[in-house]
Amino acid sequence: MSQPRASIVILGGGPGGYEAALVAAQLGARVTVVDSDGLGGACVLTDCVPSKTLIASSSTMSVVQGAEDLGIRIGRAPGPAGGRVPGGHVPGGERAGGWGGRALAAVDAPRLYARIKALAKAQSADVALRLAAEGVEIISGRARLAGPGHLAGPGHLAGPGRIVVGDQQLEAGSVLIATGALPRVLPGSEPDGERILTWRQLYDLPELPPELIVVGSGVTGAEFAGAYQALGSKVTLVSSRDRVMPHEDADAAMVLEDVFRRRGMTVLSRSRAAGVKRSGDGVVVTLEDGRTVRGSHCLLTVGMVPATRDLGLEEAGITLDGAGFIGVDRVSRTTAQGVYAAGDCTGVMMLASVAAMQGRIAMWHTLGEAVQPIRLGHVAATIFTDPEIATVGVTAAAVESGAEDATAVKLPLATNPRAKMQGFRDGFVKLFARRGTGIVLGGVVVAPRASELILGISLAVEQSLTVDQMAHTFSVYPSLSGSLTEAARKLMRPAGDIR
Ligand SMILES: Cc1cc2nc3c(=O)[nH]c(=O)nc-3n(C[C@H](O)[C@H](O)[C@H](O)COP(=O)(O)OP(=O)(O)OC[C@H]3O[C@@H](n4cnc5c(N)ncnc54)[C@H](O)[C@@H]3O)c2cc1C
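Novice: Quick question: what am I supposed to make of the pattern of salt bridges here?
Specialist: It is possible for side chains of opposite charge to pair when their charged atoms get near one another. Applying the stated criterion to the full structure yields 19 salt bridges. For Lys52, the salt bridge identified is with Glu223, shortest N-O distance 2.8 Å. Remark: Glu223 occurs in helix H5 (residues 219-231) and Lys52 occurs in helix H3 (residues 48-66); sequence separation between them is 171 residues. Across the salt bridge formed by Asp426 and Arg262, the nearest N and O atoms sit 2.6 Å from each other. Of the two residues, Asp426 is situated in the loop between helix H9 (417-422) and strand S24 (428-434) and Arg262 in helix H6 (residues 250-262); the sequence distance between them amounts to 164 residues. With relative accessibility at 18%, the residue Asp426 sits in the buried group. Residue classification places Arg262 among the partly exposed positions, given a relative accessible area of 44%.

Novice: Explanation requested: the pairing of strand S12 (residues 211-215) in the structure shown.
Specialist: Regular strands have side chains that alternate between both faces of the sheet. Of all five residues that make up S12, four are buried, and the element is covered over most of its length. Sheet analysis places S12 next to strand S13 (residues 234-238), joined by five bridges and oriented parallel. Within S13, the position partnered with Val214 by the bridge is Leu237. For the segment spanning S12, H5 and S13, crossover handedness is right-handed. Across four bridges, the pairing between S12 and strand S18 (residues 297-300) is parallel.

Novice: Quick question: what am I supposed to make of the packing of H3 against H5 here?
Specialist: Helix-helix packing: each pair is described by the crossing angle between the helix axes and the interaxial distance. At a minimum axis distance of 8 Å, the contact between H3 and H5 shows a crossing angle of 45°. Judged on the interaxial angle alone, H5 and H3 are oblique. For the crossing formed where H3 meets H5, the hand is left-handed. Residues Ser51, Lys52, Leu54, Ile55, Ser57, Ser58, Met61, Ser62 and Gln65 of H3 form the contact with H5, whose participating residues are Glu223, Phe224, Ala227, Tyr228, Ala230 and Leu231.

Novice: Would you explain the nonpolar core in this entry?
Specialist: Buried together is how nonpolar side chains tend to be arranged in soluble globular proteins. Within the largest apolar cluster, 47 residues are counted, with the highest numbers of intra-cluster contacts made by Leu54, Tyr113, Leu202, Phe224, Tyr228, Met245 and Leu299. Aside from chain neighbours lying at most four places away, what touches Tyr228 is Leu54, Tyr113, Leu202, Leu208, Pro209, Leu212, Ser233 and Val235. Residues Val467, Met470, Ala471 and Leu491 belong to the second largest nonpolar core, which totals 26 residues.

Novice: Help me understand helix H10 (residues 450-462), please; the structure alone is not making it clear to me.
Specialist: Note that an α-helix has 3.6 residues per turn; residues three or four places apart therefore point the same way. Under the 1.5 Å per step criterion, the end-to-end length of H10 is 18 Å for 13 residues, consistent within 8% with the ideal 18 Å. Buried residues of H10: Ala450, Leu453, Ile454, Ile457, Ser458, Ala460 and Val461, and no others. Of the surrounding elements, those touching the buried residues of H10 are strand S22 (388-393), S24, strand S25 (440-447), helix H11 (467-471) and helix H12 (482-491). Where H10 ends, the next residue or the one after it, Ser464, has phi of about 50°, a positive value.

Novice: Can you help me understand H6 in this one?
Specialist: Between its terminal C-alpha atoms H6 stretches 18 Å, which fits the 18 Å expected from 13 residues at 1.5 Å a residue. When we look at burial in H6, the residues that qualify are Ala252, Ala253, Val255, Leu256, Glu257, Val259 and Phe260. Buried residues along H6 sit in contact with H5, S13, strand S14 (266-268), S22, S24 and S25. At the N-terminal boundary of H6, the capping side chain belongs to Asp249, with an oxygen 3.2 Å from the backbone nitrogen of Asp251. Taken from the residues just after H6, Gly264 is the one with a positive phi, measuring 100°.

Novice: It is not clear to me how the sheet that holds strand S6 (residues 143-145) should be interpreted in this structure. Could you clarify?
Specialist: Strands in a sheet are paired, the pairing made by backbone hydrogen bonds, and the direction either parallel or antiparallel. Pairing in this open sheet of three strands is antiparallel, and the strands run S6-S7-S8 from one edge to the other. In the strand order of this sheet, the two ends are held by S6 and strand S8 (168-171), each with one partner. Sheet twist, expressed as the mean angle between neighbouring strand axes with direction ignored, is 30°. Direction of pairing for strand S7 (residues 162-165) relative to S8: antiparallel, over a ladder of four bridges. Bridging from a neighbouring strand, Val164 pairs with Gln169 of S8.

Novice: Is there a simple way to think about the site of the ligand in this case?
Specialist: Taken together, 35 residues lie around the ligand, and Gly16, Asp35, Asp37, Asp344 and Ala352 are the ones closest in. In this structure, Lys52 approaches the ligand through a side-chain N or O atom, which is 3.0 Å from a nitrogen atom. Within the backbone of Ala352, a nitrogen or oxygen atom sits 2.9 Å from an oxygen atom of the ligand. Burial of the ligand by the protein chains amounts to 92% of its free accessible area of 1000 Å². Put simply, the parts of the chain that give the shell around the ligand at least two residues each are helix H1 (15-26), strand S2 (30-35), helix H2 (41-45), H3, H5 and helix H7 (352-366).

Novice: I'm lost on the packing of H1 against H7 in this one. Help?
Specialist: Where H1 meets H7, the axes come as close as 7 Å, and the angle between the chain directions of the two elements is 35°. Crossing angle aside, the handedness with which H1 passes H7 is right-handed. Residues Pro15, Gly16, Glu19, Ala20, Val23 and Ala24 of H1 form the contact with H7, whose own contacting residues are Ala352, Ala355, Ala356, Gly359, Arg360, Met363 and Trp364. Residue composition of the contact of H1 with H7, by class: nine nonpolar, two polar and two charged.

Novice: How do you make sense of the sheet that holds strand S16 (residues 282-287) when you look at a structure like this?
Specialist: Overall, antiparallel pairing links the three strands, which are arranged S15-S16-S17 in an open sheet. A strand with exactly one partner marks an edge of an open sheet, and here the two such strands are strand S15 (273-279) and strand S17 (292-295). With direction set aside, neighbouring strand axes in the sheet form an average angle of 20°. Both S16 and S17 contribute to a ladder of four bridges, which runs antiparallel. Bridge pairing in S17 links Thr286 to Thr292.

Calculation rules
Residues numbered from 1 in each chain as written. Predicted model: local features only at pLDDT ≥ 70, side-chain atom pairs only at ≥ 80, totals over all residues. Heavy atoms only, no water. Salt bridge = Lys/Arg side-chain N within 4 Å of Asp/Glu carboxyl O. Helix = DSSP H or I, 4+ residues; strand = E, 2+ residues; numbered from the N terminus. Buried < 20%, exposed > 50% of the residue type's maximum accessible area, 1.4 Å probe, protein only. Pairing = 2+ DSSP bridges. Right-handed = clockwise from strand over helix to strand, strands pointing away. Axes fitted to C-alpha atoms, helices over the stretch in contact; angles between N-to-C directions. Parallel < 35°, antiparallel > 145°, perpendicular 65-115°, else oblique. Left-handed = near helix turned anticlockwise from the far one by under 90°. Contact = heavy atoms within 4.5 Å. Core = buried A, V, L, I, M, F, W, Y, C linked by side-chain atoms within 4.5 Å. Expected span 1.5 Å × (residues − 1). Polar contact = N/O pair within 3.5 Å; in protein donor to acceptor, adjacent residues only side chain to side chain. Near = heavy atom within 4 Å. Areas by Shrake-Rupley, 256 points an atom, 1.4 Å probe, with all protein chains shown as cover. Nonpolar A, V, L, I, M, F, W, Y, C, P; charged D, E, K, R; others polar.

Encoded structure:
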């Protein structure tokens, strides 16, 4: 007699949920995904995909603006004078001159935003198709746990397996919670979707914000501040800390802050925002020390709160931390038998790649497959500013504090021949290797497309390669990746050093 199929219900169709569903369906389980706001989750519809699509446009604008340094004249097409295209916004439009006529590089905000939303919608539809092709049942609605189920036997745990979606009841052997997180707002400064905004509301604006105040200088704040600055908004970045991105590599953050200021952004350090109010046609941000900052729009990027309320979690015996994030172990188990959690609702490195891996691991574990617990020390991450900042493995702070017994090297990008040809000046490659063995432990790349370059270091970290092995690997001449092999050469042990 054949075994009954394991039944799995997944709450949330973001990367934590849908990647898990694909794995479980391929392993033969009966899988249902319940999602309230659209497959692909916030990742595809409002956060990661839209922001990276916006950045694709803003970085094109940066390339255009830097073109004159490479001998390409960008200005205005010959013709009658007049700086603005209908509905368009010309970065540095006032200073462009000489040719008169129609601006060649202008931002068409309605078209830009329409492209972003269409791309997100299409990607969500792709996710739905992939799930349907694997036989995953999709239910649209808000789900919550409703106590123990009645199913038992192989693949059907006696845990809290009853799920309610509206007036529908589902039963499952295993449950995966992947409900994501929501933008945190400042109390008393609730977003109105017009002038005071979360990043999820940006793409419904009718225009580019002429004067944008970004409150919060973490990764999300830095990405949006840089993107809007490049698109032509006058940006003020309000940072409560000494420097932008206080949790990232200090040298990388300094490069970025320097670039921001050089490009005309106002960066207010050690300036904690107390509140934001609308004022006439704009907004006024009040800082805790009483100073005020005025602008046309304010974007709040002050963190995320987990979407874990009203899910019946505590009643099911699932432990949450003080902020409401679900506690999980390295195979995504919660404290309730048969209930797993993945992604932003766990607060474990809020990245799409981590959410997806947590979800897959949960499925491998519950379906009895061989599984390797998640290794967060190997996660590669990128901040999509210009230049990008990509990191993997141990941090400079851990090396400098002695927590990691490692040697380090830092090569400025400006010494790389390809960077010189391309006109890239800002950035560096940093590599860390274990003292004695030379095993690569991590690195930081600050460069255009650092998100692509980091793979070389990621491979080395994952496979425990040594700097000698990396140094013996061919890189193309001329290429930015040449700086990775050069950094490895600089860390090679002198002959005879056999420690
Ligand atoms: C601006 C921004 C840019 C980012 N860029 C990147 C990036 O470049 N790279 C990267 O790796 N990460 C990025 N991230 C992080 C990434 O978006 C998240 O880590 C990822 O979305 C987490 O996936 P998830 O599945 O946990 O949750 P989500 O993607 O949030 O999906 C959760 C889904 O669950 C649904 N849901 C919630 N409650 C219920 C319920 N009760 N019942 C049913 N469904 C429910 C939600 O509606 C949503 O559809 C970015 C984040 C932000 C804010």
